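# Fold and contact review
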Amino acid sequence: MERRMATMAVVAIATVLGVAGLASRVTAAARPAERVTVMLEWSPNTNHTGLYVALDKGWYRDQGLDVQIVEPGEGVSVESVVGAGRADFGFSAQEFMTYARLQGVPVVSVAAVLQHNTSGFASMAGARIRRPKDFEGKRYGGFGLPIERAVLSSLMRCDGGDPEKLQLVSIGVGDLLSHLERGNVDLAWIFYGWQGIEAKLRGLDIDVVMMDRYAGCVPDYYTPVIITSESLIRQRPELVRRFVEATARGYAWSIEHPDEAAGILVRRVPELDPRLVRESQRWLSPRYRAEAPRWGEQKLEVWQRLADWLLEHGLVKGRLDAASAFTNRFLPAPR
């Protein structure tokens, strides 16, 4: 009898706990999700895959978030929009974050999408531009930003070249590969993981002088990064944690399942070329985390080196407090 009563008591307690747990889940499901806006820095591509995977898998919804992804308008500064609270999160790059912070824009990087700079200077193979010294006598087509001239000059001097022998041509935003193919310019700054892969699929024979090969000349840096505002971190740290946790899960899954992740991105953004997305994702997925202990990890020395380089080349005024420009506190613990 006593054993039976004890058993009944255990069953009763388990039932109560089960009902309580169910009630908690029902209450959480019934609670309306919080609207969160994320602004991209460019049109959707494989730099953003983890975001779309987390959205597709319902991992934001599991965190009580209703995530809306928006693209920036022409001339819009993502850093200013996020800093002013008109978007909760955004995609940026370390160099633009450095400019923004020094101009008083209250934004903070909460995750590095890629551990290393995957950009480089592309040219048609027939031009035989294989190193920065080969930039001499050539035409570079770019956006007209001061950092472009500084990067090119540093690379060329570091390799024994003369920057004065490079012509800079402003071509604005457009199809950089077409400019190279038509011979409008000899050099263009591309992200290899997207435009480099696209060139192969288009049958264009290009050479690319990759930035990470010359990190001793121009510091390696994080591009892109995911940012939020100081005020959101201060007022809603739990919301930031939930968003970053779901996003990190999306990128971690994309690392392990590149083809499936590519399929999700194409389904979510059907105007993208499926072949380009698949091949780009296969190239990029291992580089999301690289040698870091977890996706999103950022290091103080990486932030400080670029800030010092920008100051040395007169591209910023004042020394950046690098430790305040980023945080790892919202990332999930390494597995």
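This text gives an overview of the structure that appears in the document. The written sequence of each chain sets the order in which its residues are numbered from 1. With pLDDT at 70 or above as the cut-off, local features in this predicted model cover only qualifying residues; side-chain atom pairs require 80 or more to be listed or tallied, and sums for whole chains, interfaces and linings still use all residues. Computation of side-chain values: all heavy atoms of the structure, hydrogens and water removed.

### Quick word on the side chain of Gln281
The following threshold applies: Runs of E in the DSSP output that reach at least two residues are strands. Runs of H or I that reach at least four are helices, and both are numbered from the N terminus. We call a residue buried when its accessible area falls under 20% of the maximum for its residue type, exposed when it is over 50%, and partly exposed in between, using a 1.4 Å probe and counting protein chains only. Residue contacts are defined here by distance: any two heavy atoms, one from each residue, within 4.5 Å place the two residues in contact.
Here Gln281 is to be found in helix H12 (residues 274-289). Look at Gln281 and you get buried, because its relative accessible area is 0%. Dropping the residues within four chain positions of it, Gln281 is found in contact with Thr46, Thr49, Ser254, Pro258, Ala261, Ala262 and Tyr288.

### Observations regarding unusual backbone geometry
Here Thr223 and Pro224 are connected by a cis peptide whose omega angle stands at 5 degrees. Structurally, the position occupied by Pro224 is in the loop between strand S9 (206-210) and strand S10 (225-229). For Arg128, which is not glycine, the phi torsion reads 55 degrees and is therefore positive. Position of Arg128 among the secondary structure elements: in the loop between strand S5 (119-124) and strand S6 (139-142). Its relative accessible area of 63% is what places Arg128 among the exposed residues. In the Ramachandran plot, Ala290 falls in the positive-phi region, its phi being about 50 degrees despite a non-glycine side chain.

### Remarks on a nonpolar patch on the surface
Definition in use: Each patch is assembled from residues with relative accessible area greater than 30% and no salt bridge, linking like charges that lie within 9 Å and nonpolar side chains (Val, Leu, Ile, Met, Phe, Trp, Tyr) that lie within 5 Å. With residues, only the protein chains shown are counted as cover, and all accessible areas are computed by Shrake-Rupley using a 1.4 Å probe. Any Lys or Arg side-chain nitrogen located within 4 Å of an Asp or Glu carboxyl oxygen qualifies as a salt bridge.
The grouping of Trp42, Phe96, Phe143 and Leu145 at the surface amounts to a nonpolar patch, some 360 Å² of accessible area in total. On the accessibility criterion, Phe96 (33% relative accessible area) is partly exposed.

### Some points on the packing of helix H10 (residues 237-256) against H12
As a reminder, the rule being used: Interaxial angles span 0 to 180 degrees and are taken between N-to-C directions of axes, which are lines fitted to C-alpha atoms, for helices over the stretch in contact. Just so you know how the angles are binned, under 35 degrees is roughly parallel, over 145 roughly antiparallel, 65 to 115 roughly perpendicular, and the rest oblique. We call a crossing left-handed when the near helix sits turned anticlockwise from the far one by less than a right angle, and right-handed when that turn is clockwise. Basically, the charged four are Asp, Glu, Lys and Arg, the nonpolar ten are Ala, Val, Leu, Ile, Met, Phe, Trp, Tyr, Cys and Pro, and anything else, Gly included, counts as polar.
Contact geometry for H10 and H12: axes closest at 8 Å, N-to-C directions at 125 degrees. Overall, the two elements H10 and H12 adopt an arrangement that is oblique. Every pair of crossing elements has a handedness; the one defined by H10 and H12 is left-handed. Seen from H10, the contacting residues are Tyr251, Ser254 and Ile255; seen from H12, they are Gln281, Ser285, Tyr288 and Arg289. Residues that form the contact of H10 with H12 fall into these classes: three nonpolar, three polar and one charged.

### Brief notes about the packing of aromatic side chains
Let me state the cut-off plainly: Only Phe, Tyr and Trp rings are paired, with Trp represented by its six-membered ring, and only when their centres lie within 6.5 Å; those with planes under 30 degrees apart are stacked, over 60 edge-to-face, the remainder tilted.
This structure, assessed with the given rule, holds ten aromatic pairs. Look at Phe96 and Tyr99: their rings are 6.3 Å apart centre to centre, the planes differ by 50 degrees, and that puts the pair in the tilted class. In this pair, Phe96 and Tyr99 both sit in helix H5 (residues 94-102), three residues apart, roughly one turn of the helix. With relative accessibility at 18%, the residue Tyr99 sits in the buried group. Aromatic pair Tyr192 and Trp283: ring centres 5.1 Å apart, planes at 50 degrees, arrangement tilted. Remark: Trp283 occurs in helix H12 and Tyr192 occurs in helix H8 (residues 192-201); sequence separation between them is 91 residues. Of the two residues, Tyr192 and Trp283, neither departs from the other in class, the shared state being buried.

### Quick word on the sheet that holds strand S4 (residues 107-112)
Counted only if it meets this: Two strands make a pair as long as DSSP finds a minimum of two bridges between them.
One open sheet holds the five strands; their spatial order is S2-S1-S3-S10-S4, and the pairing between them is mixed. Two strands close off the open sheet at either side, each with one partner strand: strand S2 (65-70) and S4. On average, each strand axis in the sheet is inclined to that of its neighbour by 30 degrees, with strand direction left out of account. By the bridge criterion, two bridges tie strand S1 (residues 34-39) to strand S3 (residues 89-92) in an arrangement that is parallel. In the strand pairing of S3, Val38 is matched with Phe89. In this fold helix H2 (residues 49-56) packs onto S1, S2 and S3, with an angle of close to 140 degrees to the strand it touches most, S2. Sheet strands touched by H5: S3, S4 and S10. Its angle to S4, the strand with the most contacts, is close to 160 degrees.

### Examining the pattern of salt bridges
Considering all chains together, one arrives at 20 salt bridges under this definition. Note that Arg35 and Asp66 form a salt bridge whose closest N and O atoms lie 3.1 Å from each other. With Arg35 in strand S1 and Asp66 in strand S2, this residue pair connects regions lying 31 residues apart in the sequence. A relative accessible area of 29% means that Asp66 is categorised as partly exposed. As a salt-bridge pair, Asp186 and Arg139 come within 3.1 Å of each other at their nearest N and O atoms. You can see Asp186 sitting in the loop between helix H7 (176-182) and strand S8 (187-191) and its partner Arg139 sitting in strand S6, a full 47 residues away along the chain.

### Quick word on the pairing of S6
If a strand is regular, its side chains alternate between the two faces of the sheet. We apply this condition: Assignment of crossover handedness uses the view with strands pointing away from the viewer, where a clockwise path from the first strand over the helix to the second indicates a right-handed crossover.
With four bridges connecting them, S6 and strand S7 (residues 167-170) associate as parallel partners. Bridge pairing links Tyr140 to Leu168 in S7. Each parallel crossover has a hand, and for S6 linked through helix H6 (residues 146-158) to S7 it is right-handed. Pairing between S6 and S8: two bridges, direction parallel. Along S8, the bridge assignment pairs Tyr140 with Leu187.

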